[in-house]
Amino acid sequence: MSVQVVYKNKVKSSISDTVVLFVDDKYKINLPNNLINNDEALFLNKILKNKKSSKNKIFIVNINEKKTALIIFYEKKNTINDFEKLGASCFEFLEKNSLNSLLINNVGILVKNANILLDHFIHGINLKSYKFQTYKSKKNKKLIKITVLGKQDNKNIKNLSALEQGIFFTRDLVSEPGNILNPDEYAKRLSGLKKYGLKVTIYNKNKLKKLGCGALLGVGQGSTRGTYLVTIEWNGSRSKSKPLSFVGKGVCFDTGGISLKPAKFMEDMTYDMGGSAVVVGLMKNFALRKAKINAVGVVGLVENMPGGNAQRPGDIVKSFSGKTIEVLNTDAEGRLLLADAMSFTEKKYKPSLIVDLATLTGAIIVALGSEYAGLFSNNDKLSTQLHEAGNKVDEKVWRMPLHENYDKLINSNNADMQ
């Protein structure tokens, strides 16, 4: 089921339309006179009085034979994020009750910046409507049409649309099976981002050998697929400021290599490129909304497979930085990939910061469950910013300790580190 949103100044409601009405925590309802007349308003107020003890935040009222209202409760203290969650709940309700045509007037929300809150409410609907149906023989082609009336903030709508397109691109990539989205296909899809004004450079195996990316190449040497480092640049600022940089782990499928993973849940290892997908979606978002910043995304794309040429436990590889690494477990492939990708990013772009995203280890779930992402950082200011931003949008992070006493754990008798 997909969503189509249309913005208009005036419209006449039809019998098929369901009028959306927002009710605040004092059970006060602002009734748009172009959608609800006085008699209908009196009827609705009686209904609301009877609903004061109800825990349902969303419900349907049949006003008369020709008109239906969708009542949505909100609190005046609700934040933008609250309205996005409310939108997500609304989509579930629409899907369950087969409602497919809505009329919304933003004057119905009795708070400041009502149009902005309504934009985020619809943003929540759009995000919740996502379905990956590429390989379904029978696709759900039902459409929910939402007509929005009133003053619009076109810049905010454009930015949210760009965000949605970036998120959906990320979700599409993560949802693809490993036999389709292998490193070769992934690199090809990233090349397609050039049409948005992004500069995309693809380093294949031969170029990586010349660069000295032995850690990254070692991970992929057991696969028949290619190994790549892809850089995606966005220059949206006229200044020559140092770019923000984002580095992502893109292991398209992770068997664990010779240190083979258990068979149970191995099908989920198509998700091991999730960090890279977030970086890619972010760069697309920057381009679509013409962000006034300079930024670069760097992703390492590889497949970690067992095979006659696969990396062995005990192998020693030379990384891009020149440091040698003893590989004790081939299922610790992410840190090898990122060692080269981050060193390359630092040397080539000299960025103001590096944010690295990776599905690096299941141990972080043991520590934090599924509520928080683990954050490791050498920068207190940036850590605080990430923590605060995460709380605002309910993508929470929890800072983990880094201490010099941990350093000795990677000391190796045979190489610079293990």
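The model shown is predicted, which means the values in this text are computed figures rather than measured ones.

A. Broad picture of the side chain of Asn81. By secondary structure assignment, the location of Asn81 is in helix H2 (residues 80-96). For Asn81, a relative accessible area of 13% puts it in the buried group. Excluding anything up to four places from it in sequence, Asn81 contacts Lys392, Val393 and Asp394.

B. A look at the pattern of salt bridges. Going through the model one piece at a time under the given rule, you end up with 16 salt bridges. In this structure, Asp331 engages Lys261 in a salt bridge whose closest nitrogen and oxygen atoms are separated by 2.9 Å. In this pair, Asp331 sits in the loop between strand E12 (324-326) and helix H9 (333-349) while Lys261 sits in the loop between strand E9 (244-254) and helix H8 (274-288), placing the two residues 70 residues apart along the sequence. Residue Asp331 is classed as partly exposed on the basis of its relative accessible area of 25%. Asp380 is paired through a salt bridge with Arg399; the nearest N and O atoms lie 2.8 Å apart. Here Arg399 lies in strand E15 (residues 397-399) and Asp380 lies in helix H11 (residues 380-393), a separation of 19 residues in the sequence.

C. Spotlight on the pairing of strand E10 (residues 294-304). By the criterion of burial, E10 is predominantly enclosed, with 11 of the 11 residues buried. The two faces of E10 match: Asn294, Val296, Val298, Gly300, Val302 and Asn304 on one face and Ala295, Gly297, Val299, Leu301 and Glu303 on the other face are all buried. Where E9 and E10 come together, 10 bridges link them in parallel fashion. Within the sheet, the bridge partner assigned to Asp254 lies in E10 and is Asn304.

D. Molecular detail of the packing of aromatic side chains. Enumeration over the complete set of coordinates arrives at 10 aromatic pairs. Aromatic pair Phe22 and Tyr74: ring centres 6.3 Å apart, planes at 75°, arrangement edge-to-face. Taken together, the positions of Phe22 in strand E2 (residues 18-23) and Tyr74 in the loop between strand E4 (68-73) and H2 put the pair 52 residues apart, joining distant regions of the chain. The pair Phe22 / Tyr74 is uniform in exposure class, with both members buried. Between the aromatic rings of Tyr130 and Phe168, the centroid separation amounts to 5.4 Å while the plane-to-plane angle is 25°, which identifies the pairing as stacked. Note that Tyr130 is positioned in the loop between helix H3 (114-128) and strand E6 (143-149) and Phe168 in helix H4 (residues 154-175), a separation of 38 residues in sequence. Judged by its relative accessible area of 19%, Tyr130 is buried. Ring-pair connections join several aromatic residues into one group, and the members of that group are Phe22, Tyr74, Phe83 and Phe121. When the ring centre of Phe169 is taken as reference, the NZ or CZ atom of Lys284 above it lies at 4.8 Å.

E. Region of interest: unusual backbone geometry. Within the chain, Lys290 stands out as a residue other than glycine whose phi angle is a positive 55°. If you trace the backbone, Lys290 turns up in the loop between H8 and E10. Positive phi values are uncommon outside glycine, yet Lys350 reaches one of about 45°. Within the secondary structure layout, Lys350 lies in the loop between H9 and strand E13 (353-357). Overall, the relative accessible area of 54% leaves Lys350 in the exposed class.

F. Looking closely at helix H5 (residues 183-191). Of all the residues in H5, the buried ones are Pro183, Tyr186, Ala187 and Leu190. Taken end-on, H5 shows its buried residues confined to a sector of 95°, consistent with a single buried face. Where the residues of H5 are buried, they touch H4, strand E7 (199-203), strand E8 (228-235), E9, H8 and E10. Between a side-chain oxygen at the N-terminus of H5 and the backbone nitrogen of Asp184 the separation is 3.0 Å; the capping residue is Asn182.

G. How the structure looks around the sheet that holds E13. In space, the 5 strands of this open sheet follow the order E7-E8-E10-E9-E13, with mixed pairing throughout. The outermost strands of the open sheet, each flanked by one partner alone, are E7 and E13. Recorded for the sheet is a direction-independent mean angle of 15° between the axes of neighbouring strands. Bridging between E8 and E10 involves 8 bridges; their strand directions are antiparallel. Its bridge partner lying in E10, Ile232 is registered against Gly297. H8 contacts E8, E9, E10 and E13 of the sheet and is inclined by roughly 135° relative to E9.

Cut-off values and rules
- Residues numbered from 1 in each chain as written.
- Predicted model: local features only at pLDDT ≥ 70, side-chain atom pairs only at ≥ 80, totals over all residues.
- Heavy atoms only, no water.
- Helix = DSSP H or I, 4+ residues; strand = E, 2+ residues; numbered from the N terminus.
- Buried < 20%, exposed > 50% of the residue type's maximum accessible area, 1.4 Å probe, protein only.
- Contact = heavy atoms within 4.5 Å.
- Salt bridge = Lys/Arg side-chain N within 4 Å of Asp/Glu carboxyl O.
- Pairing = 2+ DSSP bridges.
- Phe/Tyr/Trp six-rings, centres within 6.5 Å; stacked < 30°, edge-to-face > 60°.
- Lys NZ or Arg CZ within 6 Å of the ring centre and 35° of its normal.
- Arc of directions from axis to C-beta.
- Polar contact = N/O pair within 3.5 Å; in protein donor to acceptor, adjacent residues only side chain to side chain.
- Axes fitted to C-alpha atoms, helices over the stretch in contact; angles between N-to-C directions.

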